[in-house]
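Close look at the chain arrangement
Each chain, written out:
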Protein chains: 2
Amino acid sequence: MEKYSKYKAFKGNVIYSKSKDVLIIKENSYILVTDGVVKEICNQLPYGFPKDNIIDFGNKLIIPGFCDMHVHAPQFLQRGIGMDRELLDWLNTYTYPNEAKFNNKDHARRVYTLFVDELLRQGTLHVNCFPSIHYEASEILFDILEQRGLFAFTGKLNMDQNSPDYYIEDTEQSIIDTERFVKKHHKSGNVKAAIVPRFTITCSEKLLAGLGSLSERYEVPVHSHMCEAVNEMKVVKELFPKYKNGAEIFYKNNLLGQRPTIMAHCIFMDDDVLELMKNPNCMAVHCPDATANINAGGIMPVKKLLKMGINLAIGSDIGSGASLSIARGIASTIEHSKIRNMFDPQWEAVNLTEAFYMATRSGGRYFKNVGAFEEGYCFNALVIDDSNMYSEDITPLERLERFCYVGDDRNICMRYIMGKEVEI
Amino acid sequence: MEKYSKYKAFKGNVIYSKSKDVLIIKENSYILVTDGVVKEICNQLPYGFPKDNIIDFGNKLIIPGFCDMHVHAPQFLQRGIGMDRELLDWLNTYTYPNEAKFNNKDHARRVYTLFVDELLRQGTLHVNCFPSIHYEASEILFDILEQRGLFAFTGKLNMDQNSPDYYIEDTEQSIIDTERFVKKHHKSGNVKAAIVPRFTITCSEKLLAGLGSLSERYEVPVHSHMCEAVNEMKVVKELFPKYKNGAEIFYKNNLLGQRPTIMAHCIFMDDDVLELMKNPNCMAVHCPDATANINAGGIMPVKKLLKMGINLAIGSDIGSGASLSIARGIASTIEHSKIRNMFDPQWEAVNLTEAFYMATRSGGRYFKNVGAFEEGYCFNALVIDDSNMYSEDITPLERLERFCYVGDDRNICMRYIMGKEVEI
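Only a predicted model underlies this, so the values are computations on that prediction, with no experimental measurement involved.

Let us now look at the sheet that holds strand β3 (residues 37–42) of chain B. Residue and element names in this part refer to chain B. Pairing within the open sheet is mixed, and its seven strands lie in the order β3-β2-β1-β4-β13-β14-β15. At either margin of the open sheet sits one strand with a lone partner, and together these are β3 and β15 (420–421). As paired elements, strand β13 (residues 381–384) and strand β14 (residues 412–417) share four bridges and run antiparallel to each other. Bridged to isoleucine 384 within β14 is isoleucine 412. Lying on the sheet, helix α13 (residues 396–406) is in contact with β1 (7–19), β2 (22–34), β4 (54–64), β13 and β14; it crosses β4 at an angle near 65°.

See below:
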């Protein structure tokens with residue numbers, strides 16, 4: 001029928017999250033897609049559906065593309081190195097010298113190209129990037145994300161204090177450059193500008209106030225780190241004595257909750273901070289591997305925050321996280337919550353349904369409709385071929401679980417953004 | 001010169017453990033090998049060394065093959081599934097029904113072939129296998145390990161109580177079958193027989209005594225589980241009221257320390273048990289992912305045991321562990337020890353040098369000389385090509401670290417056992 005001439009039907013075992021507690025699993029079903037957007041999922045094709053428009057993945061799984069909601073793009077080449085170091089030592093030895101190299105545009109273009117390629121290879125179709133302080137490099141990252149079709153937030157990093165001489169900004173210039181960036185990109189397409197102060201330690205109050213006012217004026221989201229480590233929080237308290245904590249500093253400078261706000265780590269939050277983070281505009285990003293590697297000191301009480309209704313996502317946090325695989329992040333989220341529970345039994349472990357939700361639908365909430373396959377959601381999807389894992393007599397849900405625990409990018413045989421195949 | 005005509009020289013960046021605290025790193029060096037055994041490592045080749053006998057791996061890393069010292073071969077097809085279940089639920093739902101299938105020889109041959117292929121693909125050249133209860137399947141596993149050239153211990157599993165009707169043995173028959181197995185294989189080549197009681201809960205005292213006497217008579221090592229979970233230890237105490245704990249049951253039945261004894265988990269060991277495990281014949285196997293998945297309840301205090309001089313190794317513990325990669329096991333050992341340290345700061349985190357030692361030289365101690373490249377050690381080696389990880393300006397040690405945290409089997413470009421290339 002004419003009606004379906006512009007439709008495509010993707011057939012397979014479809015899995016997506018309805019909510020944190022409910023996974024929808026539709027075996028041998030067709031996802032009907034038009035203009036890159038899901039119309040419905042059905043067991044049988046409508047009468048007269050054109051055969052040429054069927055893309056049949058047989059017994060394979062079809063799941064939403066992953067969301068990596070906290071990742072340092074310029075740290076891509078340093079991933080998996082220096083994992084035995086303390087945070088400050090690691091920053092000074094590896095991270096700051098490495099990020100400083102992004103004043104070279106050729107270097108930025110080369111590394112960011114590799115980085116975005118690897119994101120797509122790992123099935124991350126939606127990403128929230130931490131850049132370097134350099135305006136030009138930040139533009140390059142923006143362009144590459146856009147060219148490759150990802151849904152993304154990215155910006156220009158800000159830091160004007162407590163940073164090495166070779167990697168620090170003048171306060172005024174930092175605000176000027178940031179305004180230039182957000183002015184240019186705040187009304188962009190699928191890649192959008194964000195305000196990205198590194199963390200309160202490296203940002204003066206004047207800088208934070210300026211950034212907060214840009215976020216308000218241009219209506220752009222905020223992305224930073226918060227409540228990451230006991231020592232960091234102590235330093236914050238010393239640097240900003242008139243505030244109760246880092247969250248209040250952000251909040252009172254229009255950088256927490258006034259616009260969509262994505263805060264990495266959020267490991268140590270007292271009741272005041274939890275109250276601020278309950279705002280539907282806010283999201284806390286759990287970065288399990290990073291937390292276990294460099295940021296050691298605590299593990300986010302994920303179950304507690306889920307129960308409180310705080311929006312949660314998963315981040316790879318390259319380079320203190322080592323792998324860009326969010327599938328692996330799902331398994332680590334579960335594993336680490338189990339270890340946490342051994343020592344602090346008041347909060348149960350996280351299960352697969354919850355971790356998968358964090359990595360897909362929940363993580364995707366500030367993009368267009370992504371991370372699920374309900375009507376009106378973008379068909380941003382991965383096709384999982386797990387035939388190399390000898391999956392016999394097991395359910396689609398068990399196959400999803402196995403993919404997260406044992407699989408890798410080789411099992412992602414197709415990636416779609418807005419219904420279009422992504423080339424890698 | 002004639003002297004070197006039967007030598008080979010493997011060139012690369014060589015890394016191996018001297019001890020738990022010392023890694024030997026020799027950049028751009030030659031490992032001279034004759035009859036499959038290392039003679040020396042040198043910066044320059046001896047005068048007249050035949051050029052045709054040089055295998056030049058350029059800038060690649062050469063490291064010892066890994067040791068997986070606790071892995072359930074018949075659980076290979078169930079890896080990564082049911083990870084959210086409790087231990088007993090997981091055993092009854094997945095593990096026992098799955099292991100019971102190995103009464104079918106064709107199934108055993110097919111699965112064990114896949115299993116051993118995957119071990120080699122992941123760089124595990126030395127393995128300590130847990131089989132099923134079936135005599136024929138155990139012989140099949142032995143044969144495949146031998147055909148593929150691995151260094152291995154394996155046996156026939158024993159369980160005569162507290163097991164499902166469809167997967168339990170008669171005590172006498174279990175001992176008879178085990179004797180048949182060890183008699184045939186106790187003087188074998190690189191694959192050797194072991195006595196493998198599942199754990200004390202599933203073994204009557206009569207069975208354990210019989211197995212202990214076989215271990216003595218045929219001088220075969222022992223492989224089992226111990227001190228794995230609080231509940232398990234409570235049940236052990238109820239089942240064997242005259243013994244202080246599971247370790248004493250093994251010890252008094254000639255199954256702990258009289259011969260090489262490899263005990264998985266050893267998470268909860270009181271002073272009595274630690275004293276028994278200090279015996280140089282004993283080794284405790286840390287299975288980080290398995291512990292975090294199914295066996296949740298505690299994490300081995302690895303640093304404490306290392307400091308006490310207890311022999312330690314790493315195990316994948318498929319299927320409660322999900323991945324056969326011991327490189328990943330190294331990273332998990334470190335990460336999980338950091339999480340443990342957050343909640344129980346008395347024991348420091350494990351570092352890369354220690355975890356790599358556990359996975360290579362320490363794990364290999366009951367085979368011939370394996371796991372290092374000193375004179376007289378077997379050239380059982382992996383060549384690591386990390387060029388896809390853009391390793392610029394970083395040291396061989398950092399490259400090893402990155403391989404463990406981010407790499408996978410694709411980075412293992414060659415595997416050698418006794419100087420011979422392994423085909424995968």
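Moving on to the domain arrangement of chain A. Residues and elements named next belong to chain A. Once the domains are mapped, chain A shows domain 1 (2–65 + 371–421) and domain 2 (66–362). Placing the centre of domain 1 and that of domain 2 at their C-alpha centroids yields a distance of 30 Å. Taken together, the contact pairs 31 residues of domain 1 with 26 residues of domain 2. In total, domain 1 and domain 2 occlude about 2300 Å² of area from one another, counting both sides; carbon and sulfur atoms represent 67% of this. Where glutamate 374 meets arginine 361, a salt bridge forms, and the shortest distance between an N and an O atom there is 2.8 Å. Along the contact surface separating domain 1 from domain 2 lie eight residue pairs in polar contact (both at pLDDT 80 or more).

A few words on empty space enclosed by the protein. By the definition in use, this model includes seven cavities of 30 Å³ or more. If you go around the largest cavity, you meet 13 residues; those closest to its centre are Leu87, Trp90, Leu91, His225 and Glu228 of chain A. Top element by residues in the lining of the largest cavity is helix α1 (residues 87–100) of chain A. It accounts for three residues. The residue makeup of the lining of the largest cavity, split by class, is four nonpolar, six polar and three charged. Its volume calculated, the second largest cavity comes out at about 130 Å³. In this structure, the second largest cavity is lined by 13 residues; those nearest its centre are His72, Leu87, Leu91, His225 and Glu228 of chain B. No other element matches helix α1 (residues 87–100) of chain B, which puts three residues into the lining of the second largest cavity. Among the residues forming the lining of the second largest cavity, the class breakdown is four nonpolar, six polar and three charged.

What follows is about the relation of the copies chain A and chain B. With an axial shift of 0.0 Å and an RMSD of 0.0 Å, the rotation relating chain A to chain B amounts to 180°. The transformation relating the two chain copies, once decomposed into turn and shift, fits a two-fold axis. For chain A, the smallest separation between a C-alpha atom and the rotation axis is recorded for phenylalanine 343 of chain A, amounting to 3.2 Å. Here 100% of the contact residues of chain A are again contact residues in chain B; the copies associate through an equivalent surface.

Below, the discussion takes up the interface of chain A and chain B. Counting residues at the interface gives 49 residues for chain A, matched by 49 residues for chain B. Considering only the surface of chain A that becomes buried against chain B, Met342, Phe343 and Tyr390 of chain A emerge as the three largest contributors, covering 15% of it. At the surface where chain A touches chain B, the tally comes to six salt bridges. When the shortest N-O distance is used, the salt bridge between arginine 410 of chain A and aspartate 409 of chain B registers 2.7 Å. Where chain A packs against chain B, one counts 22 residue pairs in polar contact (both at pLDDT 80 or more).

To continue, consider the sheet that holds strand β2 (residues 22–34) of chain A. Residues and elements named next belong to chain A. The strand order across the open sheet built from seven strands is β3-β2-β1-β4-β13-β14-β15, with neighbouring strands paired in mixed fashion. Across the chains shown, the open sheet's two edge strands, defined by having one partner strand only, are β3 (37–42) and β15 (420–421). Pairing geometry for β2 and β3, over five bridges, is antiparallel. Bridge pairing in β3 places tyrosine 30 opposite cysteine 42. Contacts from helix α13 (residues 396–406) reach β1 (7–19), β2, β4 (54–64), β13 (381–384) and β14 (412–417), with the element oriented near 65° to β4.

What follows deals with the environment of arginine 410 of chain A. Of note, arginine 410 of chain A is situated in the loop between α13 and β14. Between the C-alpha atoms of arginine 410 of chain A and leucine 32 of chain A, which are 378 residues apart in sequence, the distance is 26 Å. Leaving out residues up to four positions away in the same chain, arginine 410 of chain A has contacts with Asp408, Asp409 and Arg410 of chain B. At 2.6 Å, the side chain of arginine 410 of chain A forms a polar contact with the side chain of aspartate 408 of chain A.

Definitions and cut-offs
- Residues numbered from 1 in each chain as written.
- Chains lettered and ligands numbered in written order.
- Predicted model: local features only at pLDDT ≥ 70, side-chain atom pairs only at ≥ 80, totals over all residues.
- Heavy atoms only, no water.
- Pairing = 2+ DSSP bridges.
- Helix = DSSP H or I, 4+ residues; strand = E, 2+ residues; numbered from the N terminus.
- Contact = heavy atoms within 4.5 Å.
- Axes fitted to C-alpha atoms, helices over the stretch in contact; angles between N-to-C directions.
- Domains from an automatic or database assignment.
- Buried area = accessible area lost by both parts, 1.4 Å probe.
- Salt bridge = Lys/Arg side-chain N within 4 Å of Asp/Glu carboxyl O.
- Polar contact = N/O pair within 3.5 Å; in protein donor to acceptor, adjacent residues only side chain to side chain.
- 1 Å grid on protein atoms, 1.4 Å probe; cavity = no way out; pocket = protein on both sides within 12 Å on 5 of 7 lines; lining within 4 Å.
- Points joined across faces, edges and corners; volume = space filled by probe spheres on them.
- Nonpolar A, V, L, I, M, F, W, Y, C, P; charged D, E, K, R; others polar.
- Least-squares fit on C-alpha atoms with pLDDT ≥ 70 in both.

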